[in-house]
Each structure stands twice: as structure tokens, then as C-alpha cells.
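Descriptive structure summary
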Amino acid sequence: MSHRISLTRYLVEQQREHGRIPPELRLLLEIVARACKRIAISVNKGALGEVLGSAESENVQGEVQKKLDIIANEVLIDANEWGGHLAAMASEEMENIHVVPNRYPQGEYLLMFDPLDGSSNIDVNVSIGTIFSVLKKPNDDPKAIEPVSEQDFMQAGSQQVAAGYCVYGPQTTLVLTVGDGVAMFTLDREQGSWVMTADQVSIPEDTKEFAINMSNMRHWDQPVKRYVDECLAGKDGVRGKDFNMRWIASMVADVHRILTRGGVFMYPWDKREPNKPGKLRLMYEANPMSWLIEQAGGAATNGRQRILDIKPTELHQRVSVVLGSKNEVERITAYHLEADAAQ
Ligand SMILES: O=P(O)(O)OC[C@H]1O[C@](O)(COP(=O)(O)O)[C@@H](O)[C@@H]1O
Ligand SMILES: [Mg+2]
Ligand SMILES: [Mg+2]
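This one's a predicted model, so the numbers in the text were calculated from it and none came from an experiment.

About the cut-offs
Residues numbered from 1 in each chain as written. Chains lettered and ligands numbered in written order. Predicted model: local features only at pLDDT ≥ 70, side-chain atom pairs only at ≥ 80, totals over all residues. Heavy atoms only, no water. Disulfide = S-S within 2.5 Å. Helix = DSSP H or I, 4+ residues; strand = E, 2+ residues; numbered from the N terminus. Buried < 20%, exposed > 50% of the residue type's maximum accessible area, 1.4 Å probe, protein only. Contact = heavy atoms within 4.5 Å. UniProt positions renumbered as here; feature names shortened; annotations may be inferred. 1 Å grid on protein atoms, 1.4 Å probe; cavity = no way out; pocket = protein on both sides within 12 Å on 5 of 7 lines; lining within 4 Å. Polar contact = N/O pair within 3.5 Å; in protein donor to acceptor, adjacent residues only side chain to side chain. Expected span 1.5 Å × (residues − 1).

With respect to the state of the cysteines
Inspection of the entire model under this criterion finds 0 disulfides. The thiol of Cys 36 is not disulfide-bonded; the next cysteine sulfur, from Cys 166, is found 4.5 Å away.

Description of the environment of Asp 114
Within the secondary structure, Asp 114 sits in strand β5 (residues 109-117). Given the relative accessible area of 0%, Asp 114 is considered buried. For the pair formed by Asp 114 and Asp 254, sequence separation is 140 residues and the distance between their alpha carbons is 15 Å. Apart from residues no more than four positions distant in its own chain, Asp 114 is found in contact with Glu 92, Gly 129, Thr 130, Ile 131, Tyr 284 and Glu 285.

Re the UniProt feature "binding site: substrate" (unreviewed entry) in the chain
Per the UniProt entry, the sites bearing "binding site: substrate" (unreviewed entry) are Asp 117, Gly 118, Ser 119, Ser 120, Asn 213 and Lys 279 in this numbering. Annotated residues from the preceding list that form part of the lining of the largest pocket: these are Asp 117, Gly 118, Ser 119, Ser 120, Asn 213 and Lys 279. As for its placement among the helices and strands, Ser 119 is situated in the loop between β5 and β6 (128-136). Assessed through its relative accessible area of 19%, Ser 119 is described here as buried. Among all residues touching Ser 119, those that are not within four sequence positions of it are Lys 66 and Asp 69. A polar contact of 2.8 Å, which involves the side chain of Ser 119, links it to the side chain of Asp 69. Tracing the chain through its elements places Asn 213 in the loop between β11 (209-211) and α4 (222-233). Those residues in contact with Asn 213 that sit more than four places away from it in its chain are Trp 220 and Trp 247. Here the side chain of Asn 213 touches Ser 215 through a polar contact of 2.6 Å, side chain to side chain.

Structural notes on helix α3 (residues 67-80)
Taking 1.5 Å per residue as the helical rise, α3 with its 14 residues ought to reach 20 Å, and the 20 Å between its terminal C-alpha atoms agrees with that figure. If you check which residues of α3 are buried, you get Leu 68, Asp 69, Ala 72, Asn 73, Val 75, Leu 76, Ile 77, Ala 79 and Asn 80. Looking at the buried residues of α3, the elements they touch are α2 (23-45), β2 (64-66), β3 (86-91), β4 (98-99), β5 and β6.

This is the structure we're talking about:
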């Protein structure tokens, strides 16, 4: 008999024994997990379900939407809006926040998501995912007349009360933190349930593996170039060891590898669009991933500052990202600060 526990049991223990989450947050996370199961079904159908390819639309960031971007977004909204635990949702695929319609009960939480991460990998059958983050509405007094607004979402990542992702890969795995370490749950398709397959995940402080889109090399800033050059010099250079490189182009899959065996991931600012702080989105990608990485003993910065300390000013704000094994992230951050000091 297996002694593995289910996601439901884990969440109930987090609520009852550790007092870490209230029942409303537990139920909200159950709903998100159920939505991920539905998305996994669509992902797995692929061409059979006619879910591959582009939709004829663009999202607010001017990116062409894939059919699955839209399907996953709808699944998350449909699953969550009537549950009674949320005040509003925000998504990479929607320009404005989605306020829970007043025909449904209102809750005190705010849910943010990147419904389908790694869209360029959908059609080629490579791992993709869903990333989510939960905040509490700042004014949760039920008598308050203030309606929920976009401003309520402008909270630093350190305020998150839950964050996670689901990776649709060879296995479908849900990875979660409620501030008590990182736990992983694999979807058992026969049982239809999420079964815990790792708890208190820990990232080694050192690594020999880096992840960055090398095709952007000529556009990078000097500190990033310096770090990657030193990795490439391997045993013959200052690092005195050879490095390996991986780039999946789905942040979920790259972060999942790092949570599993260590490594460092970078999507830095570059000179192609100097006014854009980075490619990745703070609220739907960087914040949830940074909290998971920190909860597993790693670190996450924008090259200069801890990502979780950044106070957002816009819903779709972008950010430069360096995350993973602690000593590597500290090294890259130090290179940026040294370069700034020399200017
Ligand atoms: O194609 P590039 O420039 O290497 O970018 C890859 C990055 O873009 C992303 O795909 C952005 O996510 P979306 O698919 O949600 O837009 C990340 O998951 C990934 O790390
Ligand atoms: Mg994404
Ligand atoms: Mg996306």
C-alpha cells in the first residue's frame, strides 16, 4: 500500500494542523488544481481535440494567442468565478482584471495566472504549464463599500499567500507553496487525483547548469555576458569547472528542472527594447516562481534587487529575472552591482 498523501490531505493538514491556510484558501487551491486537471486533458488531446495552432487574436501584450492560451484562460475563469473565495482574477491573456460577477458570492482573495506558459512549445509537443499566484485583497472588511480594483493587485510578491504551477510534461505535476516549503503532486490519471511525490523540495546552492536564450547574447548587458562567458570558459576559466546549458523556452519546465536538480535561469533585460525591463511578467511568472524558488532554498533577483520586494505599478509589468541555485544568483547579482558601482 502506498503511503503517499493526496493534495486534499496536504491542504487539510496545512489548514488544521499547521494553521497556515484558512479553509477558503484551501478550497480555492483545490479549484485551481481541478482546473489544471481540465487543462491537462485538453493539452493531452492535442491535434485530436483540435486545440493546436493559433487563434485569430492577440493578447494585450501584442502576442498572437494560441488556441490553448484561450482555452486555459477560460477554464481557469469558469472554474474559479463561482467558488465564493475570490474577489477578482487577473491573467496574462486579459487586458483588465476580471471581477467576480455579483451573481456569485464574493471572497477576499485575488488570483493571478499565466494560463498557458511556454505557448511556443504547444504545437511541438514539448512541456508547457500553468502558473498561478494568490494575494489577499487589501481591504477585506466585508462591510467595506470599496469595490475591488486593479490597485488591489499592486502588492509585492512577498505578500503572496499561495503560489504554484502545473507542468504538462511526460508527467503532469502540480508544484505548490503556501509558505511552508515546496511540495509536488503528480496526477494519477487512473485515480484522477493529485498524489504527493515530493515535499520540502530543496535546491542545491551550487550548480553546473545554466539556462538562458543564448541567441540574445549580443544584446545582453555586460554583467550577464561576463557570467555566461565564465560558464562557457569552463575548467579553463575562473570558475574552474565545466558548465552545461539547457533552454526549454517554457519557464515552467526550466524552473521545474531547477527545483528538481538545481541550476540557474536567466531572462535578463537586453538592448533590443531598452525601455522594457525584461520579457517575463512580474505578477504571473516572476513572483510565483521566485517565491517557490526561495521556499526551496534558492534565490531570485532582477539582477539587482530581490524580485519579491518589487512593488508593482502595473498589472502586466515586466521584469528581468535571475533565479535558482543561491550561490549562482548571488554571483550574478554581485556582477550587476559591481558594474553599477563602476559607472
Ligand atoms: O522564446 P524565448 O525568447 O526564448 O522566451 C521563452 C520564455 O517566454 C515564455 O514562453 C513566456 O511565456 P508565455 O508562453 O506565457 O508567453 C517563458 O515561458 C519562457 O521562459
Ligand atoms: Mg509565460
Ligand atoms: Mg502564457
